[in-house]
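A closer look at the structure
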Amino acid sequence: MESWVGHEVPRLPGRGGPLTLFDSARCGVHPSQPDGTATMYVCGITPYDATHLGHAATMITFDLVQRMWRDAGLTVRYVQNVTDIDDPLLERAERDSEDWVVLAMRETALFREDMEALRIIPPEHYVGAVESIPDIAEKVLVLLKDGAAYRLEDGTGDIYFDISAAPRFGYESNLSREQMLTFFAERGGDPERPGKRDALDPLLWRGARESEPSWPGGDLGPGRPGWHIECAVIALNLLGDQIAVQGGGNDLIFPHHECSAAHAERLTGRTPFAGHYVHAGMIGLDGEKMSKSKGNLVFVSRLRADKVDPMAVRLALLAAHYRTDRAWTDDLLAASSARLDRWRRAATAPAGPSGAALLAGVRDRLADDLDSPGALAVADEWADRVLAGAGDDPAAPTLFADTVDALLGIRL
């Protein structure tokens, strides 16, 4: 599957320092210490609707990670998936009397356009679930032969992962069993399914149904993969047995990231699967989480169609810390549009205060668990001083523009 088109990122003088990130498994901020090459896997969209601001906020978060690693001189290997076959996609296609393949292709194409507009650096590999099915089936068979998976005895051909094969199951999310059961039921799991060994056992392979698409599974029989094993296999195939960061929204902590890590660790025998499990907060509207199920979405493509500058959208989503659940409001967008205008005027000034101090300040704030509000405040202070006539460094405005472009992804 093709990714979106990238853009040139300015090279900044010097080199950024090490990046610290909050790890959900350890419940604290720790240095991310990739050795030369930094590996990151971020869970992408299920393409049954357009990109909303929750998607955008998550992708911007991990774009900042990539930018900071690159600024520190690291080589970045970044993989993102597209879940282009899953129940929500099939349900939406049936509701709208549309071919599910056409729906997935259209919404994936729109997602690419939105990512380009928001200046998200593209992943090295952008991979669909459908194209990965042969590899996924192979790994499910490994788990089955290893005794870590089992077939239901109801004739469906469904295969489940036995969570007893993952002794550390729950270490990433740090949830009680009762909390796991609640989230499992709410987020695509089937705790009440008869015949399972444990209510929390996740689906690895869904046997073919007459009304659903399916693929050859070799010794598994025809069917299609479960959600969690998809990400585990794609990450293992392209990034190796262990990665620096597994990322996504905080609604993926359980069951998705917990289960995909359990699958990967059982397949490789190595733990933890990720050095950091990093999760972005949710974007809300009118007091509720923005989600497709609630129908309270603000789409990036709709904002673009309304001539809203994508850089103002990006600034609005950077205005609060990535880990916080936060609200989208008209006032937030208006304030971000005004900030963008101030920055653009400052970047065209004939001179300004020290650009080196500005760069150091932005680097310092972002290195501390992506403190984007702090980085914006550093840039605001510099821009306000320029607009007040302070400073005599003729190179500073250009360095200001390059800094906010390279590190924050804001093109002035």
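Predicted, not measured: the structure shown is a model, and the values here were computed from it.

As for unusual backbone geometry
- A cis amide bond, omega 5°, links Phe254 with the succeeding residue Pro255.
- Within the secondary structure layout, Pro255 lies in helix α7 (residues 253-268).
- Cis geometry marks the peptide bond from Thr271 to Pro272; its omega dihedral reads 0°.
- Considering the arrangement of structural elements, one finds Pro272 in the loop between α7 and β11 (274-280).

Looking at the pattern of salt bridges
- Within the structure shown, the criterion is met by 32 salt bridges.
- The residue Glu98 makes a salt bridge to Arg106 at a minimum N-O spacing of 2.3 Å.
- In this structure, Arg224 engages Glu212 in a salt bridge whose closest nitrogen and oxygen atoms are separated by 3.0 Å. You can see Arg224 sitting in strand β9 (residues 223-225) and its partner Glu212 sitting in the loop between β8 (203-207) and β9, a full 12 residues away along the chain.

Re the pairing of strand β10 (residues 243-249)
- Among the 7 residues that make up β10, 7 are buried, leaving the element largely enclosed by the rest of the structure.
- Pairing geometry for strand β3 (residues 37-42) and β10, over 3 bridges, is parallel. Residue pairing across strands places Tyr41 opposite Gln246, the latter belonging to β10.
- Pairing analysis gives 6 bridges linking β10 to β11, with the strands arranged parallel.

Overview of the side chain of Ser372
- In this fold, Ser372 is placed in helix α12 (residues 372-387).
- One polar contact links the side chain of Ser372 to the main-chain carbonyl oxygen of Leu318, over a distance of 2.7 Å.
- In contact with Ser372, not counting residues within four places along its chain, are Leu64, Leu318, Ala320, His321 and Leu366.

Considerations on the sheet that holds strand β5 (residues 125-128)
- Strands sit in the order β5-β4-β3-β10-β11 across an open sheet of 5 strands; the sheet is parallel. In this open sheet, the two edge strands, each paired with only one partner strand, are β5 and β11. Recorded for the sheet is a direction-independent mean angle of 20° between the axes of neighbouring strands.
- This element, α7, spans β10 and β11 of the sheet and lies at about 155° to β10.

Thoughts on the nonpolar core
- Ranked by internal contacts, the top residues of the largest apolar core, which has 71 residues, are Leu53, Trp69, Leu317, Trp328, Trp343, Phe400 and Leu408.
- In terms of residue count, the dominant contributor to this core is helix α1 (residues 53-71) (10 residues).
- Residue contacts for Leu317: discarding those within four places in its chain leaves Leu53, Ala56, Ala57, Ile60, Ile283, Arg326 and Trp328.
- Residues Ala166, Met180, Leu200 and Trp215 belong to the second largest nonpolar core, which totals 55 residues.

So, how was this worked out
- Residues numbered from 1 in each chain as written.
- Predicted model: local features only at pLDDT ≥ 70, side-chain atom pairs only at ≥ 80, totals over all residues.
- Heavy atoms only, no water.
- Helix = DSSP H or I, 4+ residues; strand = E, 2+ residues; numbered from the N terminus.
- Salt bridge = Lys/Arg side-chain N within 4 Å of Asp/Glu carboxyl O.
- Buried < 20%, exposed > 50% of the residue type's maximum accessible area, 1.4 Å probe, protein only.
- Pairing = 2+ DSSP bridges.
- Polar contact = N/O pair within 3.5 Å; in protein donor to acceptor, adjacent residues only side chain to side chain.
- Contact = heavy atoms within 4.5 Å.
- Axes fitted to C-alpha atoms, helices over the stretch in contact; angles between N-to-C directions.
- Core = buried A, V, L, I, M, F, W, Y, C linked by side-chain atoms within 4.5 Å.

Any functional reading would require information that these geometric values do not contain.
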